[in-house]
Structures are given as C-alpha cells and as structure tokens.
2 protein chains.
Amino acid sequence: MSGPETVRRHRRDDVTQVALRILDDHGLADLTMRRLAASLDVQPSALYWHFENKQTLIAELADRIVDAHLAPVDAVSEAGSDWRERTRVEAEALRDALLAYRDGAEVVSSTYALGLGSGRALTRLTDAVSVAGFDEATSRRAGTVLLHFILGHVSHEQQRMQYDSVGVLADGATDPLGQEDQAQAFAFGVGLLVDGLAALSVR
Amino acid sequence: MSGPETVRRHRRDDVTQVALRILDDHGLADLTMRRLAASLDVQPSALYWHFENKQTLIAELADRIVDAHLAPVDAVSEAGSDWRERTRVEAEALRDALLAYRDGAEVVSSTYALGLGSGRALTRLTDAVSVAGFDEATSRRAGTVLLHFILGHVSHEQQRMQYDSVGVLADGATDPLGQEDQAQAFAFGVGLLVDGLAALSVR
DNA sequence: ACCTGAACACCGTTCAAGT
DNA sequence: ACCTGAACACCGTTCAAGT
C-alpha cells in the first residue's frame, strides 16, 4: 500500500541538498564526489546516474544559490523606475545570495566561467541597468562589468573570512577590513559603476 | 676547471621557466607537479626542494606574468599627470600581460585570492588612480574595483578562447564576441569606472 | 529507476636516504 | 645543494552488472 516512491533511494534533488550542506559546512575544496557519495551512503559511481559530471552538479548549486536570494520583489518595485536604485538593490541582493553559502562566489563564478548555469544573475543586473534606456549591447556590457566586480569582490571577501577563522589572527599587520568595511567597499564599487553609467547617459 | 654550477642539476629559476612553458602550451589544468617533474627529468618530490608547495610555485608564475608586461614607461609618462589616461594605460597593460600567457588571468586571480604574490598589479592600478588626488583609502578601493573587473573580464575572455579552439564552433548561436569586441568591451568597463571616479571628484 | 563493485588513470605531499 | 624511491592519502570517471 505504499507508493512507488518508497522504493526509490535518492532523487536528484536529495543529492543537491546534501551537496549544498557539505559546501556550507566544509567548503568547496571538501566537496568531492567521494565525500558526497559517502554522505548519501552510496558508492561514488552512483552519483553519475544523477549528474553527468561534477561541474554539472556545481552548476546546479550555483543556480540554487543565486535564485535563493533574488532581490525581494518589494525592494525592486520600491525602487520603481529609478534605475540607479534598482541596480544597487540587485547588486546587494546578489551579494547577499553569494554570502549565504560558504564559497558561494567561487561556485557561481566558476560556473559562469564555464558557460554553465542559468545566467540569471547576469540577466537580473542587465535588466536593472537597461531601465535607464541604454541600447541592449550597452546594458549587457554594463551588467557584465557589474557581475565581474561582484563575483571578484565577494570571492575575496569569503576568502578573507575563512582565512581569518583559521588563520594568523594575532598578527594584525594586514587586516584593516571588518565586515562593515567590506559592505562599504562593495557599495563604493557599485556606486562607481552606477555613476559611470550616469555619466554615459548624460553625454 | 669548471665552476660549481656544472654540478647543479636545476635552479629554482629553471623550474619556473619550464612551468611557464607548460602553462602556456597546455593550460593551468595540465600544469601538475608530476608533469612538471617529468618535463625536468626529475622525480615529483624533487620539486619540493625548490618550492614549498604548488601554490607558491603558481604565485611565482603570477608575479612573472604581471611583471613581464608592466605598462611601458613611456606610455605612462606620456599620459603625464592625466590620471584618467594613465589609469586606462595601466589597465590595458595589465590586460596585455594576462593575455600573454594561457590562463594568465586565472593564475593571477587565484594567487591574489590566496593573498600570495607581490600584489604589484593592485599597486600599479591604485597609484594611477591616486594621481587624481583621492585619499588613500578611496584610491585603494578604486584600484581593487579595477583589479576585480580586469581579472574577471580577462578570465572570461581566455575561457572563451579555449572554448572556441576546442569547441562547438559550428553552432554560432552564442558567439557574438570577436577579439576586437572583447577589447572594446574591456575599454567600456574601464571607462565606466574612470567616469565614476571622475564624478566622485567633482561632487 | 537507481545502485554496486571494480577498475583506470591520475593527483599533491612527505620523508628517509643517497650523492 | 639537489635528487631518488617509496609510500600515504587521496581524486573524478567509466562501465558491466545487479535489483
């Protein structure tokens, strides 16, 4: 009297969830196919029934990470037709999404580099910019610049976090950046790009 | 009657040279300690006399790549006290440096992320920006934004290059970007940041 | 539909010992 | 000063076969 699901061992989604857990608890370096298999009580080879290869798995994680913290709809609509505010909101939302998982930025940027994943992050940023009325090519380029900055910045930020948690904390010689400063530095970068775009639209 | 050098098998510099060769010919993924050792006719363990570990080796490569194509002095002095032009020159020079070796951007950005390497790239960009007269913190932040953009952009550019050389070239659906377009997109990004900074200095 | 078992072809790193 | 030999503790992926 049990449904067919009773027989199933794992679905693709289970694998993804456990992978996300390992990622967040132990970092990308420790997310190996063998370790993931062990966490699922399964042989490593079993994973290849669910995913073509490791990169495809990671691309799936990247999409989940990005989609989990999309810019809240109300924040976007609150920004209204102010493209500058909306761009800032989207950038912050993406940063928050990446920060929500350990090594989130690296996961997303490696996926993006390989041309895998949904590319939703880029679309979001591009759309926000395009509200200003630039032609498509310009908006896309601006979106790309924003994305590169965001991925680079947050990667570095996350690197710093685990460096600090393990590391040479007593030294103090090089560590002028707290969490608030990081947020400020991020806003500075986004502001720079938004201002640059504004200068473009005036010219 | 031969000097003591005759007895030596390899110096640290030999290892670096051969590593750069492998990097450029076969890419970062194929630059393994075992392969490098084989190219030097040596056991893998021998490399650990010259370098503490693989990342230290790669940091050395990163420094060589960045230093090889520093912005030509004449181009910098030609820009004179125009910080906008000088910043553009430095950005282009760094791009050229990264493009001079296969996977150059990835090598430099992974080194930068780990806090290894000389950090000369960042210094150069920061110095160029600071000519505008910003305070130190602002110049450094601006340099960081530029560096993130440059590393991200060129990484993507190089990824694309080898994707094209191996890849799905017949498709044509997604490949609107030639080399000139990449250079243009790069200049666009740098211009955006420079304009953003200019807006800052006016305010 | 989902997994096992066994293998293939690799990795980076350590360390005692040699010359 | 520079290298060998041997080992340790891993990787991702494939594939025939099982249930």
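Please read all numbers here as calculations on a predicted model, not as lab measurements.

1. Overview of helix 4 (residues 54-68) of chain B
All names here are of chain B.
- In this model helix 4 runs 21 Å from its N-terminal to its C-terminal C-alpha over 15 residues, within 8% of the 21 Å that 1.5 Å per residue would give.
- All of the buried residues along helix 4 are Leu57, Ile58, Ala59, Glu60, Leu61, Ala62, Ile65 and Val66.
- Those residues of helix 4 hidden inside the fold are in contact with helix 1 (12-26), helix 2 (33-39), helix 6 (83-99), helix 7 (104-113) and helix 8 (120-130).
- Where helix 4 begins, one side-chain oxygen reaches toward the backbone nitrogen of Gln55, 3.3 Å away; that side chain belongs to Asn53.

2. Comments concerning the UniProt feature "DNA-binding region" (unreviewed entry) in chain A
- Feature annotation in UniProt assigns "DNA-binding region" (unreviewed entry) to the following positions: residues 32-51 of chain A.
- For residues 32-51 of chain A, the helix share is 55%, the strand share is 0%, and the end-to-end C-alpha distance is 14 Å.

3. A closer look at the relation of the copies chain B and chain A
- In screw terms, the move from chain B to chain A is a rotation of 180 degrees and a rise of 0.0 Å along the axis, fitting with an RMSD of 0.0 Å. Interpreted geometrically, this transformation is the action of a two-fold axis. Relative to the rotation axis, the closest C-alpha in chain B is found at Gly196 of chain B, a distance of 1.9 Å.
- When the interface residues of chain B are mapped onto chain A, 100% of them are again interface residues, pointing to one common binding face.

4. Some remarks on the nonpolar core
- With 96 residues, the main nonpolar core has Leu98 and Ile150 of chain A together with Leu98 and Ile150 of chain B as its most contacted residues.
- Residues contacting Leu98 of chain B, with those up to four places away along its chain left out, are Ile65, Gly104, Ala105, Val108, Ile150, Leu151, Val154 and Gln158 of chain B.

5. Section: the packing of helix 7 of chain B against helix 9 (residues 136-166) of chain B
Residues and elements named next belong to chain B.
- Close contact between helix 7 and helix 9 brings their axes to 8 Å; oriented N to C, the two are set at 140 degrees. Looking at the two axes, helix 7 sits oblique to helix 9. Between helix 7 and helix 9 the crossing geometry is left-handed. Contacts between helix 7 and helix 9 involve Gly104, Ala105, Glu106, Val108, Ser109 and Tyr112 from the first element and Thr144, Leu147, His148, Leu151, Val154, Ser155 and Gln158 from the second.

6. Section: the interface of chain B and chain A
- Taken together, the contact pairs 27 residues of chain B with 27 residues of chain A.
- Across the interface of chain B and chain A, roughly 2,300 Å² is buried in total on both sides, 67% from carbon and sulfur atoms.
- The interface formed by chain B and chain A includes zero salt bridges.
- For the pair chain B and chain A, the interface holds two residue pairs in polar contact (both at pLDDT 80 or more).
- For the side of chain B that touches chain A, the elements supplying multiple residues, two or more each, are helix 7, helix 9 and helix 10 (179-202) of chain B.
- Residue composition of the side of chain B that touches chain A, by class: 14 nonpolar, nine polar and four charged.

Rules behind the numbers
Residues numbered from 1 in each chain as written. Chains lettered and ligands numbered in written order. Predicted model: local features only at pLDDT ≥ 70, side-chain atom pairs only at ≥ 80, totals over all residues. Heavy atoms only, no water. Helix = DSSP H or I, 4+ residues; strand = E, 2+ residues; numbered from the N terminus. Expected span 1.5 Å × (residues − 1). Buried < 20%, exposed > 50% of the residue type's maximum accessible area, 1.4 Å probe, protein only. Contact = heavy atoms within 4.5 Å. Polar contact = N/O pair within 3.5 Å; in protein donor to acceptor, adjacent residues only side chain to side chain. UniProt positions renumbered as here; feature names shortened; annotations may be inferred. Least-squares fit on C-alpha atoms with pLDDT ≥ 70 in both. Core = buried A, V, L, I, M, F, W, Y, C linked by side-chain atoms within 4.5 Å. Axes fitted to C-alpha atoms, helices over the stretch in contact; angles between N-to-C directions. Parallel < 35°, antiparallel > 145°, perpendicular 65-115°, else oblique. Left-handed = near helix turned anticlockwise from the far one by under 90°. Buried area = accessible area lost by both parts, 1.4 Å probe. Salt bridge = Lys/Arg side-chain N within 4 Å of Asp/Glu carboxyl O. Nonpolar A, V, L, I, M, F, W, Y, C, P; charged D, E, K, R; others polar.

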